[in-house]
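Each chain, letter by letter, is given below.
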Protein chains: 2
Amino acid sequence: MILTVTLNTALDLTYRVRSLRPHASHRVSEVVERPGGKGVNVARVLAALGHETTVTGFAGGATGRAMRDQLGDTPGLTDALVPVAGATRRTIAVVDELSGDTTQLNEPGPQIEPTEWGAFLDRYDELLPSASAVALCGSLPPGVPVGAYANLVRAARAAGVPVLLDTSGEPLRRGVAARPDLIKPNADELAELTGSHEPLRATQDARRRGAHAVVASLGAEGLLAVTPEGSWRATPPARMRGNPTGAGDSAVAGLLSGLVEKLPWPDRLTRAVALSAATVRAPAAGEFDPRTFEELLGRISVTGKPSAA
Amino acid sequence: MILTVTLNTALDLTYRVRSLRPHASHRVSEVVERPGGKGVNVARVLAALGHETTVTGFAGGATGRAMRDQLGDTPGLTDALVPVAGATRRTIAVVDELSGDTTQLNEPGPQIEPTEWGAFLDRYDELLPSASAVALCGSLPPGVPVGAYANLVRAARAAGVPVLLDTSGEPLRRGVAARPDLIKPNADELAELTGSHEPLRATQDARRRGAHAVVASLGAEGLLAVTPEGSWRATPPARMRGNPTGAGDSAVAGLLSGLVEKLPWPDRLTRAVALSAATVRAPAAGEFDPRTFEELLGRISVTGKPSAA
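Everything quoted here is computed from the prediction, not taken from an experiment.

Thresholds, definitions, all that
- Residues numbered from 1 in each chain as written.
- Chains lettered and ligands numbered in written order.
- Predicted model: local features only at pLDDT ≥ 70, side-chain atom pairs only at ≥ 80, totals over all residues.
- Heavy atoms only, no water.
- Helix = DSSP H or I, 4+ residues; strand = E, 2+ residues; numbered from the N terminus.
- Rg over C-alpha atoms; globule rule 2.2 N^0.38 Å.
- Buried < 20%, exposed > 50% of the residue type's maximum accessible area, 1.4 Å probe, protein only.
- Contact = heavy atoms within 4.5 Å.
- Areas by Shrake-Rupley, 256 points an atom, 1.4 Å probe, with all protein chains shown as cover.
- Lys, Arg positive; Asp, Glu negative; His and termini not counted.
- Charge placed at Lys NZ, Arg CZ, Asp CG, Glu CD.
- Least-squares fit on C-alpha atoms with pLDDT ≥ 70 in both.
- Pairing = 2+ DSSP bridges.
- Axes fitted to C-alpha atoms, helices over the stretch in contact; angles between N-to-C directions.
- Polar contact = N/O pair within 3.5 Å; in protein donor to acceptor, adjacent residues only side chain to side chain.
- Buried area = accessible area lost by both parts, 1.4 Å probe.
- Salt bridge = Lys/Arg side-chain N within 4 Å of Asp/Glu carboxyl O.
- Expected span 1.5 Å × (residues − 1).
- Arc of directions from axis to C-beta.
- Parallel < 35°, antiparallel > 145°, perpendicular 65-115°, else oblique.
- Left-handed = near helix turned anticlockwise from the far one by under 90°.
- Nonpolar A, V, L, I, M, F, W, Y, C, P; charged D, E, K, R; others polar.

What about the overall build of chain A?
Next, step 1: Tallying secondary structure elements over chain A gives 10 helices and 16 strands in all.
Next, step 2: Compactness check: chain A gives a C-alpha radius of gyration of 19 Å against a globular reference of 19 Å for 309 residues, within 12% of the reference.
Next, step 3: When the backbone C-alpha atoms are referred to their principal axes, chain A occupies close to 60 × 45 × 40 Å.
Next, step 4: For chain A, with 309 residues in total, the buried portion stands at 56%.
Next, step 5: Long-range contacts, defined as pairs at least 24 residues apart, comprise 66% of the intrachain contacts of chain A with a sequence gap of at least 6.
Next, step 6: Accessible surface, chain A: about 12600 Å² in total, of which carbon and sulfur atoms supply 49%.
Next, step 7: For chain A, the centre of its 32 positive side-chain charges and the centre of its 33 negative side-chain charges are spaced 5 Å apart.

Details of the relation of the copies chain B and chain A
Next, step 1: Once chain B is rotated about the relating axis by 180 degrees and shifted along it by 0.0 Å, it coincides with chain A to within an RMSD of 0.0 Å. Viewed as a symmetry operation, the transformation between the two copies matches a two-fold axis. Of the C-alpha atoms belonging to chain B, the one lying closest to the rotation axis is found on Ala62(B), 2.9 Å away.
Next, step 2: The overlap is high: 100% of the interface residues of chain B also sit at the interface in chain A, so the same surface is used on both sides.

So, the sheet that holds strand β2 (residues 10-17) of chain B
Next, step 1: Strand order in this open sheet of five strands is β3(A)-β9(B)-β8(B)-β2(B)-β4(B), and the pairing throughout is mixed. Sheet topology places β3 (25-27) of chain A together with β4 (30-36) of chain B at the edges, where each strand pairs with a single neighbour. Looking at each pair of strands side by side, their axes are set apart by 15 degrees on average, direction ignored.
Next, step 2: In this sheet, β4(B) lies alongside β2(B) in antiparallel orientation, the contact comprising seven bridges. Residue pairing in the sheet places Tyr15(B) in a bridge with Val31(B) of β4(B).
Next, step 3: Where helix α2 (residues 61-72) of chain B meets the sheet, its contacts fall on β2, β4 and β8 (89-96) of chain B, and the angle it forms with β4(B) comes to roughly 80 degrees.

Side note on the side chain of Thr4(B)
Residues and elements named next belong to chain B.
Next, step 1: Along the chain, Thr 4 turns up in strand β1 (residues 2-6).
Next, step 2: Thr 4 gets classed as buried once you look at its relative accessible area, which sits at 0%.
Next, step 3: Separated by 2.9 Å, the side chain of Thr 4 and the backbone oxygen of Gly 39 make a polar contact.
Next, step 4: Dropping the residues within four chain positions of it, Thr 4 is found in contact with Gly 39, Val 42, Ala 43, Leu 46, Thr 53, Thr 54, Val 55, Thr 56 and Ala 135.

Description of the interface of chain B and chain A
Next, step 1: Counting from both sides, the interface comprises 31 residues of chain B and, opposite them, 31 residues of chain A.
Next, step 2: Of all residues in chain B, His23(B), Arg90(B) and Leu105(B) give up the largest surface area on contact with chain A, accounting jointly for 24% of the area buried on that side.
Next, step 3: One salt bridge in this structure joins Glu33(B) and Arg90(A), with 2.9 Å as the shortest N-O distance.
Next, step 4: Counting every contact that joins chain B to chain A gives 16 residue pairs in polar contact (both at pLDDT 80 or more).

Focus on the pairing of strand β16 (residues 301-306) of chain B
All names here are of chain B.
Next, step 1: In terms of residue burial, β16 counts as a barely covered element, since only zero of its six residues are buried.
Next, step 2: With six bridges joining them, strand β15 (residues 230-235) and β16 adopt antiparallel strand pairing. From the neighbouring strand, Ala 234 faces β16, where its bridge partner is Val 302.

Remarks on helix α3 (residues 114-127) of chain B
Residue pairs spaced three or four apart in an α-helix point in one direction, given the helix's 3.6 residues per turn.
Residues and elements named next belong to chain B.
Next, step 1: Compared with an ideal rise of 1.5 Å per residue, which puts 14 residues at 20 Å, α3 spans 20 Å between its outermost C-alpha atoms and is within 8% of the ideal.
Next, step 2: What α3 keeps buried is the set Glu 116, Trp 117, Phe 120, Tyr 124 and Leu 127. For α3, the angular spread of the buried residues around the axis is 100 degrees, confining them to a single face. In this structure, α3 carries Pro 114, Thr 115 and Glu 126 as exposed residues pointing more than 90 degrees from its buried face.
Next, step 3: Elements in contact with the buried residues of α3: β1, β5 (53-59), β7 (82-83), β10 (133-137) and α4 (148-158).

Let's talk about the sheet that holds strand β2 (residues 10-17) of chain A
Next, step 1: Overall, mixed pairing links the five strands, which are arranged β4(A)-β2(A)-β8(A)-β9(A)-β3(B) in an open sheet. The sheet is open, and its two edges are formed by β4 (30-36) of chain A together with β3 (25-27) of chain B, each paired on a single side. Each adjacent strand pair in this sheet contributes to an overall mean axis angle of 15 degrees, direction not counted.
Next, step 2: As judged from the eight bridges shared by β2(A) and strand β8 (residues 89-96) of chain A, these two strands associate in the parallel manner. Within the sheet, the bridge partner assigned to Val17(A) lies in β8(A) and is Asp96(A).
Next, step 3: Packed onto the sheet, helix α2 (residues 61-72) of chain A meets β2, β4 and β8 of chain A and runs at close to 80 degrees relative to β4(A).

Looking at the pattern of salt bridges
Next, step 1: Under the criterion given, the structure shown has 26 salt bridges over all chains.
Next, step 2: The shortest N-O distance in the salt bridge between Arg68(A) and Asp79(A) comes to 2.8 Å. Here Arg68(A), found in helix α2, pairs with Asp79(A), found in strand β6 (residues 77-79); they are 11 residues apart in sequence, far enough to count as distant.
Next, step 3: In this structure, Glu261(B) engages Arg271(B) in a salt bridge whose closest nitrogen and oxygen atoms are separated by 2.9 Å. Here Glu261(B) is found in the loop between α8 (247-260) and α9 (265-280), whereas its partner Arg271(B) is found in helix α9, with 10 residues between them in sequence.
Next, step 4: Given the relative accessible area of 35%, Glu261(B) is considered partly exposed.

A few points about the packing of helix α5 (residues 169-177) of chain B against helix α6 (residues 187-194) of chain B
All names here are of chain B.
Next, step 1: Put simply, α5 and α6 touch, their axes get as near as 10 Å, and they point 65 degrees apart. With respect to α6, the element α5 is oriented roughly perpendicular. For the element pair α5 and α6, the recorded crossing hand is right-handed. Contacts between α5 and α6 involve Gly 169, Leu 172, Arg 173 and Val 176 on the former and, on the latter, Glu 189, Glu 192 and Leu 193.
Next, step 2: Partitioned by chemical class, the residues of the contact of α5 with α6 number three nonpolar, one polar and three charged.

Structural notes on the packing of α4(B) against α5(B)
Residues and elements named next belong to chain B.
Next, step 1: Axis separation between α4 and α5 bottoms out at 7 Å; the angle between their running directions is 30 degrees. Classified by the angle their axes make, α4 and α5 are roughly parallel. Along this stretch, α4 crosses α5, giving a crossing that reads as right-handed. Residues Tyr 149, Ala 150 and Val 153 of α4 pack against Pro 171, Arg 174 and Gly 175 of α5.
Next, step 2: Its residues placed into classes, the contact of α4 with α5 shows four nonpolar, one polar and one charged.

Next up, the structure:
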């Protein structure tokens, strides 16, 4: 199975309102409720691609129960979340009917106690031996040590399990130093990590800091990969209109599934870009439009070359 | 006991953000979660005043469970809510730290099925005989007949239980025609009911439509009461700064507690205005600042006179 780790899971709510105006009162015409957090979105896409996937991280409170009830109903997903005393956070995306734009409100997440962090580490060690790959995704909730991902990267490498890290800020900086197999920063995260706003230079610098391979997501311009096997750029045929939330998580799922299927890099990148674009066309993070995905697979441009042997 | 009916209960969330900007992403720095809906707020204030209070209406889903868990922890409150298949709605108040202003997002509430409405009517009939007064509060969730409050008013009157109605629009119009003992509209609700924006004229007109007594809440200007016993105006000493959410619910609790304690009208109005103002000074609906309440009791101006005998 593929293992995804989401330490700050969420109950994602999407509200539809006519037009959000500060300091006014709004009637919400539609409410959609979904399990969320980056690694949970990645897991949903992996499961839809036919990969048995296990979700771990933390869940607690009424929001955690609601999230787990829905996760349990998803075919191909196994819930290995660790219970905590605090409540799983909510995120709220308020979609304007008039403009289609989204306003985001993110709760901070529960305080994780040291014993709960210890329980998670035990669970992670139990799960690693049966994992073909592991993805470490998203922000850290309060109470989790800032070096958490560095520890989890080292444990995966010690177990011989390929590990992808998708986070930002100090947890990314420390995690990279622990030498993950792959990181997937966006342009902002990459600039914050390396100090450079020039994508190719920043991507190369991120490898020097410890990541074996770096796939930078450049929004509508697709992906830039710098790996031991070579460098490539993969671009979708046109800018997609829709909701970009979750597009990065779908790219992670594309890269990870390509890794466990031992696809060549250009095929992994094609899949990741097509999934990403098909997610922009779907209503929610962790979902993609299968027709758009199939149709795009033949239309992604990949340029670049393998490294000299 | 005093019975409060809240057909559209809520889990009220208060989010603190630095400043709400449409189409941006916001980190919520503080989340407060409370049982809500007008009748639930009324019940919390009544319980804090020392009145045994029973809450009925509907509750369902994970949000309903979270609401009931907290209600069960409130001394003096009895939970007699009727379970439904749909989920209790959330309301979200987003408070700007910079301006102190609030943006409100209200979910619509669950669809109530005919069998669930029938189960509520049975519960209401069971509870009425032991009630010293009943308050019917707030909007109707989808599926509840628009004449619901009219039915509930008639049942209370048939049982000899004084009944207060606090709602708006068509449910208020129909409810008033069923001759409740008291209604407590605000200026907008009163204008919508009567077509008049002149408070005294509109209040008198509302009585002609069927309400035995009308107490109009005029925001910072206090209350205007037109009753079979006389007419009065009760005014707080100064405009209160703070959050007006729930001030009307606290006024209802003041009027209802004064009714069951058989206080003269000027004393009921004094209590209602003082509670209302003390709620503006408290952080959340259904709560009031006891020091402000005690201090204001001696400072409310009541003018008016009893009817000629």
